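Residue strings, one per chain:
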Amino acid sequence: MSDHAPPGGPLRWEVTAPAEPAVVDTVQDGLVALWREGAVDPHVALRLELGLVEIVANIVEHAYDPAETGREITVVVEVAPGRVTASAWDNGRPTGIDLSTVALPEDDAESGRGLAMALAALDELRYERDGERNRWSLVCLR
Amino acid sequence: MTEFAVRIDGRGVGVVTPQGRLTMVSARSLRTAVEELVAGGAPKVVVDLSETTFLDSSGLGALIAGLKTCRQAGGDLRIASPTDAVLAVLQLTNLDKVLRPRESAETAFDV
């Protein structure tokens, strides 16, 4: 599941797994070693991790019809000079979300914070339909 | 795997200590732990976050749900000793005003 580029290239980690809640743990376990190897500042690491966890959780909860099978998500994380980036692809339905309208809900809301928190944590968040898949692109500057 | 240590202290305050990450994987267990304390007669609950290494929106949702459950039963839910990672998320969402971090589980209900 780990794939390191040649010396001089970015550190890289990736996984393809069923789009189920357990994939959140898989991703976070993978990040532990990547952050250590890349000597990533803990604050930058936390921001990227929070953004990525929220996007992955959003995919698991919202990208599929309840009865849909064959759910698959691919996550790639890279540590490069000046930035850490992540991409997440899923084979779910297109999302109709307009990220420019996302805001935190009222303080007593029990859900609906995920995308707003991802936007607040990250320096860049983009969504696009990529063929039959959704692609989310995340960037934190370091 | 996130574990939840649950106890009732000498003053009848329920104390839940999540050990690990609070995300969509574990948030349901936190809700259940708080609900069981309240149902068992302990509507004052402290969530001790000193061993919680990560908090996301699902974990926050579980804390807010627990707060409502406790208040509806005439009690309250307070959080104590958050780690730096958890405090950063509380500040990012401005929920450190609603869930004001207390110094320790032992003193969380002193004031």
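Residues numbered from 1 in each chain as written. Chains lettered and ligands numbered in written order. Predicted model: local features only at pLDDT ≥ 70, side-chain atom pairs only at ≥ 80, totals over all residues.

Q: When you look at the overall build of chain B in this model, what are you seeing that I'm missing?
A: The helix and strand tally for chain B stands at three helices and five strands. The secondary structure elements of chain B, listed N-terminal to C-terminal, are β-β-α-β-β-α-β-α. Expected size for 111 residues packed as a compact globule is a radius of gyration near 13 Å; at 12 Å, chain B falls within 12% of this value. On the principal axes, the C-alpha backbone points of chain B span a range of 30 × 30 × 20 Å. A total of 111 residues make up chain B; the buried ones form 51% of that total. (Helix = DSSP H or I, 4+ residues; strand = E, 2+ residues; numbered from the N terminus. Rg over C-alpha atoms; globule rule 2.2 N^0.38 Å. Buried ≥ 20, exposed ≤ 12 C-beta atoms within 10 Å, placed from the backbone.)

Q: Hey, could you run me through the sheet that holds strand 4 (residues 124-130) of chain A in this one?
A: Across a sheet, strands are paired by hydrogen bonds formed along the backbone, either parallel or antiparallel in direction. Residue and element names in this part refer to chain A. Read across the open sheet, the five strands follow the order 1-2-3-5-4; overall the sheet is antiparallel. Every other strand in the sheet has two partners, leaving strand 1 (11-18) and strand 4 as the edge strands with one partner each. Averaged over neighbouring strand pairs, the angle between their axes works out to 15° when direction is ignored. Direction of pairing for strand 1 relative to strand 2 (residues 72-80): antiparallel, over a ladder of eight bridges. Within the sheet, the bridge partner assigned to proline 18 lies in strand 2 and is glutamate 72. (Pairing = 2+ DSSP bridges. Axes fitted to C-alpha atoms, helices over the stretch in contact; angles between N-to-C directions.)

Q: Just to check I follow, could you spell out helix 3 (residues 114-121) of chain A for this structure?
A: Because an α-helix completes one turn every 3.6 residues, residues spaced three or four positions apart along the sequence face the same direction. Taken residue by residue, helix 3 of chain A has Gly114(A), Leu115(A), Met117(A), Ala118(A) and Ala121(A) as its buried positions. For helix 3 of chain A, the angular spread of buried residues about the axis comes to 160°, placing them on one side. Buried-residue contacts for helix 3 of chain A involve helix 2 (42-62) and strand 4 of chain A together with helix 2 (57-72) and helix 3 (84-92) of chain B. (Arc of directions from axis to C-beta. Contact = placed C-beta atoms within 7 Å.)

Q: Would you mind going over the confidence of the model for chain B with me for this structure?
A: In low-pLDDT regions, the fine details of the predicted coordinates are not to be read closely. Taken as a whole, chain B shows an average pLDDT of 96; of its residues, 100% reach a score of 70 or greater. Both scores are given for the predicted complex: the pTM is 0.94, the ipTM 0.94. (pLDDT = per-residue confidence, 0-100.)

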